[in-house]
Amino acid sequence: MTNDYHSDLEPRFVNIDGIRGVVFKSNRYTDTLKTEKLDSIQPSNNYDLFFYDLAKDKEQVLTRITNSPISQEWMPMQYDSTHISYLSDKNGIKNLYAA
């Protein structure tokens, strides 16, 4: 989905508050899309959720939905017209959350 070495997994097309985009999980450190040398920064094993606004594809900035350094998020999808749902183990077991 992006042109860098980070893993962008489980993409879903969504329409949140009339904004069309893609929600996905990624092991990137920042919300800025940029190409860096893989040998200078090691990929993380932690996955957070991000939103890519299809109308602002020239900006090269994602919207970070979660920022949880000690937990994982999975299966992001549209919940209703204003929220996404996802699974997370932030309390030790997998639960369903909305953002």
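As a starting point, this report considers the structure included with it. The structure presented is a predicted model; accordingly, all values stated were derived computationally and were not measured.

Thresholds, definitions, all that
Residues numbered from 1 in each chain as written. Predicted model: local features only at pLDDT ≥ 70, side-chain atom pairs only at ≥ 80, totals over all residues. Heavy atoms only, no water. Pairing = 2+ DSSP bridges. Helix = DSSP H or I, 4+ residues; strand = E, 2+ residues; numbered from the N terminus. Phe/Tyr/Trp six-rings, centres within 6.5 Å; stacked < 30°, edge-to-face > 60°. Buried < 20%, exposed > 50% of the residue type's maximum accessible area, 1.4 Å probe, protein only. Lys NZ or Arg CZ within 6 Å of the ring centre and 35° of its normal. Polar contact = N/O pair within 3.5 Å; in protein donor to acceptor, adjacent residues only side chain to side chain. Contact = heavy atoms within 4.5 Å. Salt bridge = Lys/Arg side-chain N within 4 Å of Asp/Glu carboxyl O.

## A look at the sheet that holds strand S4 (residues 63–64)
So, point 1. The strand order across the open sheet formed by four strands is S1-S2-S3-S4, and the pairing between neighbours is antiparallel. This sheet does not close on itself; its edge strands, each paired only once, are strand S1 (8–16) and S4.
So, point 2. Relative to strand S3 (residues 48–53), strand S2 (residues 19–26) is paired through six bridges, and the arrangement is antiparallel. When the bridges of S3 are listed, glycine 21 appears paired with aspartate 53.

## Focus: the packing of aromatic side chains
So, point 1. For the structure shown, the criterion picks out two aromatic pairs.
So, point 2. Their ring planes at 25 degrees and their centres at 6.1 Å tell us that phenylalanine 24 and phenylalanine 50 sit as a pair that is stacked. Residue phenylalanine 24 is found in strand S2, and its partner phenylalanine 50 is found in strand S3; the two are separated by 26 residues along the sequence. The two residues phenylalanine 24 and phenylalanine 50 agree in class, both being buried.
So, point 3. The interplanar angle of 25 degrees and the centroid separation of 5.9 Å between the aromatic rings of tyrosine 86 and tyrosine 97 together place this pair among those described as stacked. Of this pair, tyrosine 86 sits in strand S6 (residues 84–88) while tyrosine 97 sits in strand S7 (residues 95–98), and the two are eleven residues apart along the sequence. Residues tyrosine 86 and tyrosine 97 agree in their burial class; the two are buried.
So, point 4. A cation over a ring is seen here: lysine 90 above tyrosine 97, with NZ or CZ 4.4 Å from the ring centre.

## What to know about the side chain of serine 88
So, point 1. Tracing the backbone through its elements, the reader meets serine 88 in strand S6.
So, point 2. For serine 88, a relative accessible area of 0% puts it in the buried group.
So, point 3. Among the polar contacts made by the side chain of serine 88, one reaches the main-chain carbonyl oxygen of glutamine 72 at a distance of 3.3 Å.
So, point 4. Excluding residues that lie within four positions of it along the chain, serine 88 makes contacts with Ser71, Gln72, Glu73, Trp74, Ile93, Lys94, Asn95 and Tyr97.

## Here's the deal with the pattern of salt bridges
So, point 1. A complete count under the given rule lists three salt bridges for this structure.
So, point 2. The salt bridge partner of lysine 25 is glutamate 10, with a shortest N-O separation of 3.5 Å. Pair noted here: lysine 25 is in strand S2 and glutamate 10 is in strand S1, with a separation of 15 residues, a long-range link.
So, point 3. Look at lysine 25 and you get buried, because its relative accessible area is 8%.
So, point 4. The salt bridge involving aspartate 48 is made with arginine 64; its shortest N-O contact spans 3.1 Å. Of this pair, aspartate 48 sits in strand S3 while arginine 64 sits in strand S4, and the two are 16 residues apart along the sequence.

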